[in-house]
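For reference, the chains in residue letters:
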Amino acid sequence: MIETLFTKIIRREIPARIEYEDDLCLAFHDVAPQAPIHLLVIPKLPLPSLAAAGPNDAPLLGHLVDVARTIATNLNLKQGYRLVINCGIDGGQSVDHLHIHLLGGRSMQWPPG
Ligand code: AMP
């Protein structure tokens, strides 16, 4: 099992602004927000990246997306929002614990950098 700072946030060893928690996942505010709303939705299972997931993880991945959608609804992001999964070095992933970025509260640009 890979230990990251997200594992420590799950265990409450590092403080975080937690928005949501259930048996499978945790959602908390990003420490360096890139939009007025910027949360991370992470599985409690310490999958290092999306590439490390397999077919058996599909229900968990679906749950993470559903939780992100529910949080976006609860935060009243009626104008829309963006979900991002950075995967690996080329994807710009910096923490080796799978996470979905939920970004909202401003108009997003495309293509991303
Ligand atoms: P990524 O670059 O896709 O791996 O995203 C990692 C994210 O974790 C970045 O947006 C960081 O700002 C965020 N992050 C790093 N440390 C913390 C922390 N202690 N609490 C909340 N977010 C963090």
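Below is a short write-up of the structure. One numbering rule holds for all chains: residues counted from 1, following each sequence as written. Reporting of local features is limited, given that this is a predicted model, to residues whose pLDDT is at least 70; pairs of side-chain atoms are given and counted only at 80 or more, and all residues count toward the totals for whole chains, interfaces and linings. Note that the side-chain values use all heavy atoms of the structure and ignore hydrogens as well as water.

On to the sheet that holds strand S4 (residues 81-84), then. Here a strand pair is declared whenever DSSP counts at least two bridges between the two strands. Put simply, DSSP H or I for four residues or longer makes a helix, DSSP E for two residues or longer makes a strand, and each gets a number counted from the N terminus. The five strands are arranged S1-S2-S3-S5-S4 in an open sheet whose pairing can be described as antiparallel. Taken across any chain shown, the strands that pair with only one partner, and hence form the sheet edges, are strand S1 (18-21) and S4. Looking at each pair of strands side by side, their axes are set apart by 20° on average, direction ignored. Pairing of strand S2 (residues 25-29) with strand S3 (residues 37-43) involves five bridges; the strand directions are antiparallel. Residue pairing across strands places alanine 27 opposite valine 41, the latter belonging to S3. Between N-to-C directions, angles cover 0 to 180 degrees, with each direction set by a line fitted to C-alpha atoms, over the stretch in contact for helices.

Neighbouring the ligand are 16 residues, the closest being Asp30, Asn86, Ser94, His99 and His101. Within the side chain of aspartate 30, an N or O atom sits 2.5 Å from an oxygen atom of the ligand. Side-chain polar atom of histidine 99 to an oxygen atom of the ligand: 2.9 Å apart, as the coordinates give it. Only the protein chains shown count as cover for residues, and the accessible areas themselves come from Shrake-Rupley with a 1.4 Å probe. Here the ligand, which alone exposes 510 Å², has 82% of that area covered by the protein. Contributions of two or more residues to the shell around the ligand are made by helix H1 (5-10) and S2. Each residue gets one label: Ala, Val, Leu, Ile, Met, Phe, Trp, Tyr, Cys and Pro are nonpolar, Asp, Glu, Lys and Arg are charged, and the others, such as Gly, are polar. Split by residue class, the shell around the ligand holds eight nonpolar, seven polar and one charged. Nearness is defined per residue: one heavy atom within 4 Å of the molecule or strand is enough. Pairing of N or O atoms within 3.5 Å defines a polar contact, subject to two protein rules: one partner must be a possible hydrogen donor and the other a possible acceptor, and residues neighboring in sequence count only if both atoms are side-chain atoms.

This is a description of form; function is not addressed.
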